[in-house]
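Coordinates in review
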Amino acid sequence: MARELSQVGVVGLGTMGAGITEVLARAGLDVTAVEVSAEALGRGRGHLEQSTEKAVQRGKLDAADREALLARVRWSTSLDDLAEAELVVEAIPERMELKTEVFARLDKICPPDTILATNTSSLSVTELSVATGRPSKVIGMHFFNPAPVMKLVEVISTVVTEPSVIADVEALAERLGKTDVTVGDKAGFIANALLFGYLNHAVSMYEAKYASREDIDAAMRLGCGLPMGPLALMDLIGIDTAYEILDTMYRQSRDRLHAPSPIIKQLMTAGLLGRKTGRGFYTYAGRDSAEVVPDALTPTPGGAAEGARPVQKVGLVGSGTMATGMVEVFAKAGYDTVVVARSPEKVDGVLAAVARSLDKQITRGRLDEDGKAAVLARLTGTTDRADLADVDLVVEAVVESLEVKQELFAELGRVCKPGAVLATTTSSLPVIECAQASGRPGDVVGLHFFNPATVMKLVEVVSTVATADDVAATAHAVCGRLGKHAVSCTDRSGFIVNALLFPYLNDAVRMLQAHYATADDIDAAMKVGCGYPMGPFELLDTVGLDVSLAIERELYTEFREPGFAPAPLLEHLVTAGYLGRKTGRGFREHVRR
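If you're wondering where the values come from, they're calculated on a predicted model, not measured in any experiment.

**Section: the overall build of the protein**
Looking only at helices and strands, the protein has 22 helices and 18 strands in total. Computed over the C-alpha atoms, the radius of gyration of the protein is 28 Å, within 12% of the 25 Å expected from 2.2 N^0.38 for a compact globule of 593 residues. Taking the principal axes of its C-alpha atoms as reference, the protein extends roughly 85 × 50 × 50 Å. Residue burial in the protein is summarised as follows: out of 593 residues, 53% are buried. The contacts in the protein between residues at least 6 apart in sequence include a share of 68% that link residues at least 24 apart. Just so you have it, the protein exposes about 25100 Å², and 52% of that area is on carbon and sulfur atoms. Side-chain charges of the protein comprise 61 positive and 77 negative groups, with the mean position of each set lying 2 Å from the other.

Listed below in structure tokens is the structure:
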């Protein structure tokens, strides 16, 4: 049975250490908070007082409870004051030599049954444990920043950690109101191992000038619903901290994808560490400011749409879910829209689906009958592609088959008027293949909408080596009128979102395949620890394992990066017909409706 701890200590009172102190004291524990100097101690105390004062102002803590919380904290500059602690959490800078020195001293000061916990996010807990004479009493307790807010705690056991110690720490995490996931001692644990591979990939994409920092960040926020873009998150974490974590992960895994991108070390060497120094990937109003200010790399508002061709009439080819959503989006934006499908029944199906969607909006008070009538009046249905002869823009959303798309673009190149822009919504096929089939490659661009098109704000504008500048500008101008956020990239597999998202999902499958953690724990770590709307296995089952495998194969074929090779477990599940929600079973079993 787990012990109920009452006397605990925290060593290191930076942002994280002060936050951990607050969490422990809020749970009713007596906390001895230790720093290396009176000055550092004062800063830590200030962090705690400021944080709890804000909690009172926001109504999340009353004044009396705040006073009681503060009274439970004893402040000290001497490790000797931890002599009666039942558990000590170390939260000093992420340097092995500093941590081993502290652990060796704590081992001499604390009673034999005191648990020594480290808040390290990447260093070896095992290596820290052998700096003491009690390796079986050493454990990792990785909180997430800000500790009073973030609900996840990763509990890291080594090969010699006593089961009773694990049970005590898990019970403490529950008492603190945290969600704990218990894993073994591996660089990055769950959350950082998955997060930092993704962050490093995003930095590499930026360093290669594939897309701007603003577009990479917007793509992942709007396309995946993430709370922050990867480069803004790097600035928040700290460029130096990110470098140390990635370097530690690489030294343990020897995975090239964990080797810090060169620009990370360059920024660190230059002292451009992110928010804490006022400049990193972005420039901020001052040190520790969250306000981004314009700099030499900031794009001019509306600049991407300059020189656009005029677009009044649009053609949509296709009758699936994506095509139907796009028809509604274009018509609601005021464009006269020609819908082309393979049969009269499919044309009628698209128009009827749009009408039903508009009726739902009327029911919810977002549209009136006149508005519905105006939208439907802009729609024309046909089965004849020749009816696209006078449109200014054609967007295709037919089946994701290169052969089918090439045949379509060859015909569009013949029937559409000179100067008409031809766009594909492909999410994975080479846009240049469609462009060449059209016979007018300068007029062709990728317009990758996200599903459902009526809701998702992101559109990836994909230029090939042949796309004319005014065609890309036209795509941006049209997206602006549609109320969408367009991001620019060039024609390579995955574009921005899928190229960053699916390697991360593949890493999660590899982690599960290695039996490092369960699907439930991995999902919990990414949702609770990183604020992701869905865990990787929830997302894979929703997208479809077959779709995910196809995208991962495309990425691997194009980039030939060993780390992009689809995990065998994913391939086996697809072979078995376990494709996710649509078949009732994927990484989890689902009730089929």
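Resuming the write-up.
**Quick notes on the sheet that holds strand β14 (residues 393-396)**
With respect to topology, eight strands assemble into an open sheet ordered β13-β12-β11-β14-β15-β16-β17-β18, the strand pairing being mixed. Each edge of the open sheet carries a strand with a single partner, namely β13 (379-382) and β18 (485-490). This sheet shows a mean twist of 25° between the axes of neighbouring strands, independent of strand direction. Here β14 pairs with strand β15 (residues 421-424) via four bridges, running parallel. Along β15, the bridge assignment pairs Leu393 with Val421. Across the sheet, helix α8 (residues 213-224) lies against β17 (458-463) and β18, angled at about 125° from β18, the strand it touches most. The strands touched by helix α16 (residues 431-438) are β15, β16 (444-449) and β17; relative to β16, the strand with the most contacts, the crossing angle is about 140°.

**A short note on the pattern of salt bridges**
Here the structure, examined in full by the defined rule, presents 32 salt bridges. Between Asp168 and Arg3 there is a salt bridge; the shortest N-O distance is 3.1 Å. On the criterion of sequence distance, the pair formed by Asp168 in helix α6 (residues 163-175) and Arg3 in the segment before β1 (7-11) is long-range, its members being 165 residues apart. Assessed through its relative accessible area of 6%, Asp168 is described here as buried. Put simply, Arg95 and Glu97 hold a salt bridge, and the shortest N to O gap is 2.8 Å. Through salt bridges with shared partners, one network takes in Arg309, Arg440, Asp443 and Asp470.

**Side note on the sheet that holds strand β5 (residues 115-118)**
Overall, mixed pairing links the eight strands, which are arranged β3-β2-β1-β4-β5-β6-β7-β8 in an open sheet. Where the open sheet ends on each side, the last strands, each with one partner, are β3 (73-76) and β8 (179-184). Shown here is a sheet whose adjacent strand axes are inclined to one another by a mean of 25°, direction ignored. Both β1 and strand β2 (residues 30-34) contribute to a ladder of five bridges, which runs parallel. The residue of β2 that forms the bridge with Val10 is Ala33. α6 rests against β4 (87-90), β5, β6 (138-143), β7 (152-157) and β8 of the sheet, and its axis sits at about 20° to β6.

**Here we look at the environment of Ala423**
Structurally, Ala423 can be placed in strand β15. Other than its neighbours up to four places away in sequence, Ala423 contacts Leu393, Val394, Val395, Glu396, Phe409, Val445 and Leu447.

**Topic: the side chain of Ser289**
Inspection of the secondary structure assignment puts Ser289 in the loop between β9 (283-284) and β10 (292-293). A residue is classified by how much of its surface remains accessible, and Ser289, at 16% relative accessible area, is buried. Those residues in contact with Ser289, other than ones at most four positions away along the chain, are Arg275 and Tyr284.

**Details of the pairing of β17**
Burial of β17 is extensive: six of the six residues sit out of reach of the surface. Neither face of β17 is exposed, since Leu458, Glu460 and Val462 on one face and Val459, Val461 and Ser463 on the opposite face are all buried. Pairing of β17 with β18 involves six bridges; the strand directions are parallel. Looking across to β18, one finds that Val459 is bridged to Ala486. The handedness of the β17 to β18 crossover, carried by helix α17 (residues 469-482), is right-handed.

**A short note on unusual backbone geometry**
The omega torsion of the bond from Asn145 to Pro146 falls at -5°, within 30 degrees of zero and hence cis. Cis rather than trans, the peptide bond between Asn451 and Pro452 has omega equal to 0°. Its identity as a non-glycine residue notwithstanding, Lys209 has a phi of 60°, on the positive side. Structurally, Lys209 is set in the loop between α7 (191-207) and α8. On the basis of relative accessibility, which here comes to 74%, the residue Lys209 falls in the exposed class.

**Describing the packing of aromatic side chains**
Applying the stated criterion across every chain yields a total of six aromatic pairs. Where Phe330 meets Tyr335, the ring centres are 5.8 Å apart and the plane angle is 55°; that geometry is what we call tilted. As far as burial versus exposure is concerned, Phe330 and Tyr335 are alike and both buried. Judged by centre distance (5.7 Å) and plane angle (65°), the ring pair of Tyr504 and Tyr532 falls under edge-to-face. On the criterion of sequence distance, the pair formed by Tyr504 in helix α18 (residues 497-513) and Tyr532 in the loop between α19 (519-530) and α20 (536-543) is long-range, its members being 28 residues apart. The exposure class of Tyr532 is buried, given its relative accessible area of 9%. Pairwise contacts between aromatic rings join Phe330, Tyr335 and Phe449 into one cluster. It is Lys186 that lies over the ring of Tyr516; its NZ or CZ is 5.0 Å from the centre. Residue placement shows Arg585 over the ring face of Tyr578; its charged tip is 4.1 Å from the ring centre.

What counts and how
- Residues numbered from 1 in each chain as written.
- Predicted model: local features only at pLDDT ≥ 70, side-chain atom pairs only at ≥ 80, totals over all residues.
- Heavy atoms only, no water.
- Helix = DSSP H or I, 4+ residues; strand = E, 2+ residues; numbered from the N terminus.
- Rg over C-alpha atoms; globule rule 2.2 N^0.38 Å.
- Buried < 20%, exposed > 50% of the residue type's maximum accessible area, 1.4 Å probe, protein only.
- Contact = heavy atoms within 4.5 Å.
- Areas by Shrake-Rupley, 256 points an atom, 1.4 Å probe, with all protein chains shown as cover.
- Lys, Arg positive; Asp, Glu negative; His and termini not counted.
- Charge placed at Lys NZ, Arg CZ, Asp CG, Glu CD.
- Pairing = 2+ DSSP bridges.
- Axes fitted to C-alpha atoms, helices over the stretch in contact; angles between N-to-C directions.
- Salt bridge = Lys/Arg side-chain N within 4 Å of Asp/Glu carboxyl O.
- Right-handed = clockwise from strand over helix to strand, strands pointing away.
- Phe/Tyr/Trp six-rings, centres within 6.5 Å; stacked < 30°, edge-to-face > 60°.
- Lys NZ or Arg CZ within 6 Å of the ring centre and 35° of its normal.

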